[in-house]
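Structural description and commentary
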Amino acid sequence: KLISVKSSTDYMSIHELISIIQRTNEKYGNLLKKEIQIEYAISGEHPPYHAFTLLSIINNIVTNAVEAIDGIGTITITIEKDQNSIVFLIGDNGPGIQQKRKNVIFKPGFTTKYDHSGNPSTGMGLSFVKKLVEQFEGDITVEDQEKGTGTLFIIRLQTDHLMKKE
């Protein structure tokens, strides 16, 4: 549902993709009764990228940040492109991830999310993201924000795997 009927192409501009992620996650935050602001900055020249791949990766991280932030917060998405790769820096000012959990968050089944009845989520989101990133010969890391609170995910992908083959 992230991609509307009018933009049902396999490849989209990075600006359109991030705009979709911004709008849908700000609405999701409102649904959760949170005030979430999503800011983004894109540098470099970008060809159209495979929409489903980038939405699957980036939206999962942003949605997790929306869920982690308590009440009011900000999520930043910074996108940089060099000759052969694209780097996504996705940060939030939420509570952060405990050091002891950083090495298990990408394992299938690991979760810290439970519904009102105490039932856990599937714990498949970040393991799916890591597998997809690695499938495209990229890497993903997580670290604390420099300012002290929050989390920063760094995702590097090879652009030739995301662009339309001529």
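For the structure, see preceding data.
Rules of the game
Along each chain, numbering runs from 1 in the same order as the chain's sequence is written. For a predicted model such as this one, the threshold for reporting local features is a pLDDT of at least 70, and the threshold for listing and counting side-chain atom pairs is 80 or more; totals across whole chains, interfaces and linings nevertheless cover every residue. Think of the side-chain values as coming from all heavy atoms in the structure, minus any hydrogens and water. Each helix corresponds to a stretch of at least 4 residues labelled H or I by DSSP, and each strand to a stretch of at least 2 residues labelled E; elements are numbered beginning at the N terminus. A pair of strands is treated as paired once DSSP finds two or more bridges between them. The angle between two axes is taken between their N-to-C directions and runs from 0 to 180 degrees, where each axis is a line fitted to C-alpha atoms and a helix contributes only its stretch in contact. Two residues qualify as a contact provided that any one of their heavy atoms is within 4.5 Å of a heavy atom in the partner residue. Multiplying one less than the number of residues by 1.5 Å gives the expected span of a helix. Burial here depends on accessible area, computed with a 1.4 Å probe over protein chains only, as a share of the maximum for the residue type. Under 20% is buried, over 50% is exposed, and the range in between is partly exposed. Between 65 and 115 degrees an angle is taken as roughly perpendicular, under 35 as roughly parallel, over 145 as roughly antiparallel, and anywhere else as oblique. Rotating anticlockwise by less than a right angle from the far helix to the near helix defines a left-handed crossing, while the corresponding clockwise rotation defines a right-handed one. Residue classes follow a fixed rule: Ala, Val, Leu, Ile, Met, Phe, Trp, Tyr, Cys and Pro count as nonpolar, while Asp, Glu, Lys and Arg count as charged, and any other residue, Gly among them, counts as polar.

**Some thoughts on the environment of Ile-20**
Position of Ile-20 relative to the elements: it lies in helix 1 (residues 14-31). Residues Ile-20 and Leu-55 lie 35 residues apart in sequence; the distance between their C-alpha atoms is 8.8 Å.

**Things to note about the sheet that holds strand 7 (residues 151-158)**
Taken in spatial order, the five strands line up as 2-4-5-7-6 in an open sheet, and their pairing is mixed. A single partner strand is all that each edge strand has here, and the edge strands are strand 2 (35-42) and strand 6 (139-144). Averaged over all adjacent pairs, the angle separating strand axes in this sheet is 15 degrees, with direction ignored. Taken together, the seven bridges between strand 4 (residues 72-81) and strand 5 (residues 85-92) define a ladder with antiparallel strand orientation. Across the sheet, Glu-80 pairs through a bridge with Val-87, a residue of strand 5. Along the sheet, helix 1 contacts strand 2, strand 4 and strand 5; its crossing angle with strand 2, the most-contacted strand, is approximately 170 degrees.

**Some remarks on the pairing of strand 4**
Note: strand 2 against strand 4, eight bridges, orientation parallel. Bridge assignment links Ile-36 to a residue of strand 4, and that residue is Gly-73.

**A closer look at helix 2 (residues 51-68)**
Look at helix 2: 25 Å from first C-alpha to last across 18 residues, which is about the 26 Å you get at 1.5 Å a residue. Within helix 2, 14 of the 18 residues are buried, which leaves it mostly tucked inside the rest of the structure.

**Details of the packing of helix 1 against helix 2**
Between helix 1 and helix 2, whose axes approach to 10 Å, the crossing angle comes to 30 degrees. Comparing their axes, helix 2 and helix 1 come out roughly parallel. Classified by chirality, the crossing of helix 2 by helix 1 is right-handed. The segment helix 1 lies against helix 2, with Ile-14, Leu-17, Ile-18, Ile-20, Ile-21, Thr-24, Asn-25, Tyr-28 and Gly-29 engaging Ala-51, Leu-54, Leu-55, Ile-58, Asn-59, Val-62, Thr-63, Val-66 and Glu-67. Here the contact of helix 1 with helix 2 is composed, by residue class, of 12 nonpolar, five polar and one charged.

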